[in-house]
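Descriptive analysis of the structure
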Amino acid sequence: AEATEALAAEAAAEATATVSLRTLSRRAAFGAEIECKVWPASVLLARWLWQHPWLVRGRSVLELGAGVGLAGLGAAKCGAARVALTDINRKALQQARENARLNGIECVCAEHL
C-alpha cells in the first residue's frame, strides 16, 4: 500500500511540473523569428515526457534545434541526468540558457558539441 501511495504521489508531482519560459521580443528576435518561438510540437513533446518520465529519468538527453529549450528543459524536470541543448542560432541558444537559469536547471547549451 505504501509503494502504491508513493507512486501516486510521484505521479501527481510529475503531472503538475512546470517550466517557465521567456521569449524574445519581436525586435530582439529579428532575424531569428523561427528559432526563437515556442513551437507547438515542443509543447506536446514536453507534456508527453511529463506523462512518461521513465523514458528520460537518469539518462542523457540531447535536443537538436532546441530553440528556447522547452522540450529539453521538460526532460530535465522529468529527471534526466544530463541535458544538452543545441541550436544553430545564437539568439535562440542564449534564450535557452536564460530559460535554463530561470528554471534552476543545469544544462549544456552549445552551437557545436
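These numbers come from a predicted model, not from an experiment.

Calculation criteria
- Residues numbered from 1 in each chain as written.
- Predicted model: local features only at pLDDT ≥ 70, side-chain atom pairs only at ≥ 80, totals over all residues.
- Heavy atoms only, no water.
- Buried < 20%, exposed > 50% of the residue type's maximum accessible area, 1.4 Å probe, protein only.
- Helix = DSSP H or I, 4+ residues; strand = E, 2+ residues; numbered from the N terminus.
- Pairing = 2+ DSSP bridges.
- Right-handed = clockwise from strand over helix to strand, strands pointing away.
- Lys, Arg positive; Asp, Glu negative; His and termini not counted.
- Salt bridge = Lys/Arg side-chain N within 4 Å of Asp/Glu carboxyl O.
- Polar contact = N/O pair within 3.5 Å; in protein donor to acceptor, adjacent residues only side chain to side chain.
- Contact = heavy atoms within 4.5 Å.
- Core = buried A, V, L, I, M, F, W, Y, C linked by side-chain atoms within 4.5 Å.

A closer look at the pairing of strand 2 (residues 82–86)
Among the five residues of strand 2, four are classified as buried, and the element is accordingly described as predominantly covered. As defined by bridge partners, strand 1 (residues 60–63) adjoins strand 2 across four bridges and the pair is classed as parallel. Along strand 2, the bridge assignment pairs S60 with R82. For the crossover that starts at strand 1, traverses helix 3 (residues 70–77) and ends in the parallel strand 2, the hand is right-handed. Here strand 2 runs beside strand 3 (residues 108–110); their pairing, made up of three bridges, is parallel. Bridging across to strand 3, A84 finds its partner in V108. With respect to chirality, the unit in which strand 2 leads through helix 4 (residues 90–102) into the neighbouring parallel strand 3 is right-handed.

Here we look at the side chain of E63
With respect to the helices, strands and loops of the structure, E63 is situated in strand 1. Buried within the structure, E63 lacks any salt-bridge partner; R97 is the closest side chain of opposite charge, at an N-O distance of 13 Å. Of note is the side chain of E63, whose polar atom sits 2.7 Å from the backbone nitrogen of G72. If near-sequence neighbours (up to four positions away) are discounted, E63 is found in contact with G69, A71, G72, A84, L85 and T86.

Concerning the environment of L44
Secondary-structure assignment places L44 in helix 2 (residues 40–51). Expressed as a C-alpha distance, the spacing of L44 and L70, which sit 26 residues apart in the sequence, is 10.0 Å.

Concerning the nonpolar core
Counting residues in each nonpolar core, the largest one holds 20 residues, and the members touching the most others are V56, V61, L73, A75, A80, V83 and L85. Mapped onto this core, the elements with two or more residues apiece are helix 2, helix 3, strand 2 and helix 4. Ranked by the residues each element gives to this core, the list is headed by helix 3, at four residues. In contact with V56, not counting residues within four places along its chain, are L49, V61, A75, C78, G79, A80 and A81.

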